[in-house]
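Spelled out from the first residue to the last, the chains are:
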Amino acid sequence: MDIITDYAGRKARSLDMAGYIDTLRDPKRHPHTEKVYTNLKHCASYLVFNEYITVDELRLVKAHTCKQHLLCPFCAMRRSGKFVAKNLPKVEQVIAENRARIPALVTFTVKNGPVLLERFNHLRRAHKRLSRRRLDARAGKTSTEWLKVAGGITSYEFTKKDEGDWHPHIHALVMLDDFIDQAKLSQEWEEITGDSFIVDIRRIKGKPNAGGIDIASGLLEVCKYALKFHDMTLPDTWHAYETLRTRRLVDSFGILRGVQIPDNLLDDPLEGLPYVERHYQYRPGKRAYDLTRIREYGIPEAGVSQAG
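What comes next concerns the included structure. The structure displayed is predicted, hence computed values, not measured ones.

A short note on the overall build of the protein chain
Then step 1. Within the protein chain, the regular secondary structure consists of seven helices and ten strands.
Then step 2. In terms of overall dimensions, the protein chain has C-alpha extents of about 70 × 50 × 30 Å along its principal axes.
Then step 3. Scored against the burial criterion, the 308 residues of the protein chain give a buried share of 47%.
Then step 4. In the protein chain, once contacts between residues fewer than 6 apart in sequence are set aside, the share between residues at least 24 apart is 70%.
Then step 5. A total of about 15,800 Å² of accessible surface is found on the protein chain, and carbon and sulfur atoms cover 48% of it.
Then step 6. Seen as two clouds, the 49 positive and the 40 negative side-chain charges of the protein chain have centres 4 Å apart.

See below:
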């Protein structure tokens, strides 16, 4: 299965990250690294899937998850998917209640810089000032294009390639009462940040021949991963984790206030349906998963077979 190959690549990166953290373990200098290392090392070491053959659905029902999404690509992927599943109904309800509103994706950037914490704080302050302008505009104290936003979900993302500077930005899924004048909002953003006028605004549309509005893809774009692991070195990833692990990187406001951050990264089983249970074990030497056991439940002439 393609998903097994994808998970194996993510698990391999997690083990590489655990290996790097192992070189840093020092109870005096880094007292929390022991637990981080242990959880990361054992994350996704085994996977148990239920394949529901009558509805053609595959669910990950058992696995150890470290829930360290800033270090672990496996948990970052699972967290992203679960976030969409938890919050999609709320966004779809908001759209259904007022079809005139326009769903859109907005991205804000600030100038790149060598110090992650400084750039994060700069971006966060700018974001807060823009939010304050919206509140003041609602009270009639000022004007802003951001007042056209009835509500939204925001997330911070950070990228860094090789020896380059940190590139922080904000993704937002928003519901608009009227479409934003991009030039005016860019001017506002430059006034607020003092170093960036780049604001990207894209209306969320339906997929070709699919019908409806593709809100799920919009949510996935907003809350995928805070860090792009494949572009970052292990030391940079660790530095980002140390800098950002206590920060709130996802938020919501207005009519979309109240997003839920998933705690359980596994899937719930489907009750009352026949399924095939597949067990996989990660083999570090092969950097791949082996299928080790298959069990059938609720299937005529069900049996048990062993693999590997």
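Notes on the packing of aromatic side chains
Then step 1. This structure, assessed with the given rule, holds 13 aromatic pairs.
Then step 2. With 4.6 Å between their ring centres and 45° between their planes, Phe108 and Trp189 make a pair best called tilted. Remark: Trp189 occurs in helix H5 (residues 182–193) and Phe108 occurs in strand E3 (residues 102–109); sequence separation between them is 81 residues.
Then step 3. Three or more aromatic residues joined by ring pairs make a cluster, and in this case those are Tyr7, Phe49, Phe74 and Tyr280.
Then step 4. Taking NZ or CZ as reference, Lys11 lies 5.8 Å from the ring centre of Tyr282, over its face.
Then step 5. Its end group placed over the ring of Trp166, Lys160 keeps NZ or CZ at 5.7 Å from the ring centre.

Notes on the pattern of salt bridges
Then step 1. Taken as a whole and judged by the stated rule, the model has 22 salt bridges.
Then step 2. Between Asp177 and Arg101 there is a salt bridge; the shortest N-O distance is 2.8 Å. One end of the pair, Asp177, is in the loop between strand E5 (167–176) and H5; the other, Arg101, is in the loop between helix H3 (73–97) and E3, with 76 residues separating them in the sequence.
Then step 3. Given the relative accessible area of 46%, Asp177 is considered partly exposed.
Then step 4. Across the salt bridge formed by Glu157 and Lys228, the nearest N and O atoms sit 3.8 Å from each other. Placement of the pair is Glu157 in strand E4 (residues 149–159) and Lys228 in the loop between helix H6 (215–222) and helix H7 (234–244), with a sequence separation of 71 residues.

With respect to the environment of Thr193
Then step 1. Its location among the elements puts Thr193 in helix H5.
Then step 2. Of the residues examined, Thr193 reaches a relative accessible area of 8% and is grouped as buried.
Then step 3. Separated by 90 residues in sequence, Thr193 and Arg283 place their C-alpha atoms 48 Å apart.
Then step 4. Setting aside residues up to four positions removed in sequence, Thr193 forms contacts with Val110, His122 and Ala126.

A word on the nonpolar core
Then step 1. Leu47, Phe74, Phe108, Trp146, Leu244 and Tyr289 are the most contacted members of the largest nonpolar core, which has 62 residues in total.
Then step 2. In terms of residue count, helix H1 (residues 2–22) provides more of this core than any other element does, seven residues in total.
Then step 3. Ignoring any residue separated from it by four or fewer positions in sequence, one finds Trp146 in contact with Val106, Phe108, Leu130, Arg134, Val174, Ile180, Leu185, Glu188 and Phe253.

Some points on the environment of Asn121
Then step 1. Structurally, Asn121 is set in helix H4 (residues 116–138).
Then step 2. Since its relative accessible area comes to 18%, Asn121 is described here as buried.
Then step 3. When the C-alpha atoms of Asn121 and Ser14 are compared, they prove to be 28 Å apart, with 107 residues separating the residues in sequence.

Section: H1
Then step 1. Spanning 21 residues, H1 covers 30 Å between terminal C-alpha atoms, matching the ideal 30 Å at 1.5 Å per step.
Then step 2. By the burial criterion, the buried members of H1 are Ile4, Tyr7, Ala8, Arg10, Lys11, Ala12, Arg13, Ser14, Met17, Ala18 and Ile21.
Then step 3. Packed against the buried residues of H1 are helix H2 (33–42), strand E1 (46–52), H3, H7, strand E8 (275–283) and strand E9 (288–297).

Comments concerning the environment of Glu51
Then step 1. The residue Glu51 is located in strand E1 in this model.
Then step 2. Considering only alpha carbons, one finds Glu51 and Asp263, 212 residues apart in sequence, at a separation of 23 Å.
Then step 3. Other than its neighbours up to four places away in sequence, Glu51 contacts Glu57, Leu58, Pro274, Tyr275, Val276 and Arg278.
Then step 4. A distance of 2.8 Å separates polar atoms of two side chains, one belonging to Glu51 and the other to Arg278.

Topic: the sheet that holds strand E6 (residues 199–203)
Then step 1. Read across the sheet, five strands follow the order E6-E3-E5-E4-E7 without closing on themselves; strand pairing throughout is antiparallel. Each having just a single partner strand, E6 and strand E7 (250–254) make up the two edges of the open sheet. This sheet shows a mean twist of 20° between the axes of neighbouring strands, independent of strand direction.
Then step 2. Summarising the sheet, E3 and E5 pair through eight bridges and their orientation is antiparallel. Its bridge partner being in E5, Thr107 is matched across the sheet by His171.
Then step 3. Its contacts with the sheet place H4 against E3, E4, E5 and E7, and it is angled at close to 175° to E4.

Criteria and cut-off values
- Residues numbered from 1 in each chain as written.
- Predicted model: local features only at pLDDT ≥ 70, side-chain atom pairs only at ≥ 80, totals over all residues.
- Heavy atoms only, no water.
- Helix = DSSP H or I, 4+ residues; strand = E, 2+ residues; numbered from the N terminus.
- Buried < 20%, exposed > 50% of the residue type's maximum accessible area, 1.4 Å probe, protein only.
- Contact = heavy atoms within 4.5 Å.
- Areas by Shrake-Rupley, 256 points an atom, 1.4 Å probe, with all protein chains shown as cover.
- Lys, Arg positive; Asp, Glu negative; His and termini not counted.
- Charge placed at Lys NZ, Arg CZ, Asp CG, Glu CD.
- Phe/Tyr/Trp six-rings, centres within 6.5 Å; stacked < 30°, edge-to-face > 60°.
- Lys NZ or Arg CZ within 6 Å of the ring centre and 35° of its normal.
- Salt bridge = Lys/Arg side-chain N within 4 Å of Asp/Glu carboxyl O.
- Core = buried A, V, L, I, M, F, W, Y, C linked by side-chain atoms within 4.5 Å.
- Expected span 1.5 Å × (residues − 1).
- Polar contact = N/O pair within 3.5 Å; in protein donor to acceptor, adjacent residues only side chain to side chain.
- Pairing = 2+ DSSP bridges.
- Axes fitted to C-alpha atoms, helices over the stretch in contact; angles between N-to-C directions.

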